[in-house]
Amino acid sequence: SALLSRLRGLFRRFAIDAEFSALSGSVHVRLPGELWVDLDAAHNALDEAEGFMRAGRAREAWPPALVAQSILERGFLQGEEEPWIVHERGRIHEEHLRSLELLADITLAAGEATSSAAFARRACELEPFRESAYGRKMRAEIGMGNRAEALRTYEGLRRLLADELGTDPSPTVQAVFLQALQE
C-alpha cells in the first residue's frame with residue numbers, strides 16, 4: 001500500500017534498519033533493539049506516574065506524567081485515516097486526557113491550584129462531556145479560593161449535559177459542587 005511504501009521510505013531516510021512483513025492484511029515491523037519509540041515511552045511513563053499517585057507519591061509522579069503528556073499531545077499521523085490509525089489515534093487521545101487529569105491531580109496535591117485548573121481546563125476543551133475533568137477543574141478553583149468560578153463551572157456543565165444529553169452531572173461532580181457551596 002501507499003502508506004507502507006511511505007513508511008519504508010521514512011525508515012530508509014533516517015537510516016533505520018527495519019524489517020517489514022505483511023500477512024493477512026497486517027503489517028509487522030521489526031525495529032532494531034536500540035530504538036526508542038515515543039508512544040511506548042509515553043504509555044510506560046503514564047503507567048509509572050499513575051502508580052506513583054496510587055502510592056501517594058505525587059512529587060515522584062510529576063516527571064513521568066509530564067513526559068507522557070508532552071508526547072501524547074502531538075497526536076498521531078495527522079492526515080491519514082486508515083482504520084488502524086483512527087483506532088490508535090483514539091487510544092492516544094484517551095491517554096492524553098488521562099495525562100492531563102493526572103497532572104491536574106499532581107499539581108493540586110503540590111498546592112499549585114492554578115496549574116491544576118489549567119490542566120483540567122485543557123482536558124475539558126478536548127472532551128467537553130468528560131465530567132471527571134470538570135470535577136478536577138472545580139476542585140482546583142476551590143483550591144485557588146475561587147468558589148464562584150467553581151460554581152460557574154458546575155452550572156456550565158449542568159446546562160451542557162441537560163441540553164445535549166438530557167441528564168444531570170454525576171454524583172461525584174455533584175459532591176464537588178456541594179463542597180463549593182459549603183466553602
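Here, the structure is the one placed above.
This text gives an overview of the structure that appears in the document. Since the structure is predicted, the reported quantities are computational estimates derived from the model, not experimental observations. (Residues numbered from 1 in each chain as written. Predicted model: local features only at pLDDT ≥ 70, side-chain atom pairs only at ≥ 80, totals over all residues. Heavy atoms only, no water.)

## Section: the pattern of salt bridges
Part 1 of the argument: One pass over the full model with this rule turns up 17 salt bridges.
Part 2 of the argument: One salt bridge connects Arg98 with Glu50, and the closest N-O pair in it is separated by 2.6 Å. In this pair, Arg98 is assigned in helix α4 (residues 83–109) and Glu50 in helix α2 (residues 38–54), connecting sequence segments 48 residues apart.
Part 3 of the argument: The partner of Arg158 in a salt bridge is Glu155, with the nearest N and O atoms 2.6 Å apart. Within this pair, Arg158 and its partner Glu155 are both found in helix α7 (residues 147–165), separated by three residues, close to a single helical turn.
Part 4 of the argument: With a relative accessible area of 26%, Glu155 lands in the partly exposed category. (Salt bridge = Lys/Arg side-chain N within 4 Å of Asp/Glu carboxyl O. Helix = DSSP H or I, 4+ residues; strand = E, 2+ residues; numbered from the N terminus. Buried < 20%, exposed > 50% of the residue type's maximum accessible area, 1.4 Å probe, protein only.)

## Some remarks on the packing of aromatic side chains
Part 1 of the argument: What the rule picks out here adds up to four aromatic pairs.
Part 2 of the argument: Consider the rings of Trp62 and Phe119, whose centres lie 6.4 Å apart with planes at 65°: the pair is edge-to-face. In this pair, Trp62 is assigned in helix α3 (residues 58–72) and Phe119 in helix α5 (residues 113–126), connecting sequence segments 57 residues apart. (Phe/Tyr/Trp six-rings, centres within 6.5 Å; stacked < 30°, edge-to-face > 60°.)

## Details of the nonpolar core
Part 1 of the argument: Core analysis: the largest hydrophobic core is formed by 36 residues, its most contacted members being Leu39, Ala65, Leu72, Leu102 and Met138.
Part 2 of the argument: Mapped onto this core, the elements with two or more residues apiece are α2, α3, α4, α5, α6 (131–143), α7 and α8 (171–182).
Part 3 of the argument: With eight residues, the top contributor of residues to this core is α4.
Part 4 of the argument: Ignoring sequence-local partners within four residues, the contact set of Leu72 consists of Leu39, Ala42, Ile92, Glu95, His96 and Ser99. (Core = buried A, V, L, I, M, F, W, Y, C linked by side-chain atoms within 4.5 Å. Contact = heavy atoms within 4.5 Å.)

## Regarding helix α1 (residues 2–13)
Owing to its 3.6 residues per turn, the α-helix brings residues three or four apart onto one side.
Part 1 of the argument: Under the 1.5 Å per step criterion, the end-to-end length of α1 is 16 Å for twelve residues, consistent within 8% with the ideal 16 Å.
Part 2 of the argument: Backbone geometry just after α1 places Ala15 at a positive phi near 55°. (Expected span 1.5 Å × (residues − 1).)

## Some thoughts on the packing of α4 against α5
Part 1 of the argument: The geometry of α4 relative to α5 is characterised by a closest axis approach of 7 Å and an angle of 160° between their N-to-C directions. Comparing the axis directions of α4 and α5 gives the class roughly antiparallel. Of the two elements, α4 crosses α5, and the hand of that crossing is left-handed. Together, His93, His96, Leu97, Leu100, Glu101, Leu103, Ala104, Thr107 and Leu108 of α4 and Ala113, Ser115, Ser116, Phe119, Ala120, Arg122, Ala123 and Leu126 of α5 make up the contact between the two elements.
Part 2 of the argument: When its residues are assigned to classes, the contact of α4 with α5 shows ten nonpolar, five polar and two charged. (Axes fitted to C-alpha atoms, helices over the stretch in contact; angles between N-to-C directions. Parallel < 35°, antiparallel > 145°, perpendicular 65-115°, else oblique. Left-handed = near helix turned anticlockwise from the far one by under 90°. Nonpolar A, V, L, I, M, F, W, Y, C, P; charged D, E, K, R; others polar.)

## Focus: the side chain of Thr107
Part 1 of the argument: By secondary structure assignment, the location of Thr107 is in helix α4.
Part 2 of the argument: One polar contact links the side chain of Thr107 to the main-chain amide nitrogen of Ser116, over a distance of 3.2 Å.
Part 3 of the argument: Once residues lying within four places of it in the same chain are set aside, the contact partners of Thr107 are Trp62, Glu112, Ala113, Ser115, Ser116 and Phe119. (Polar contact = N/O pair within 3.5 Å; in protein donor to acceptor, adjacent residues only side chain to side chain.)

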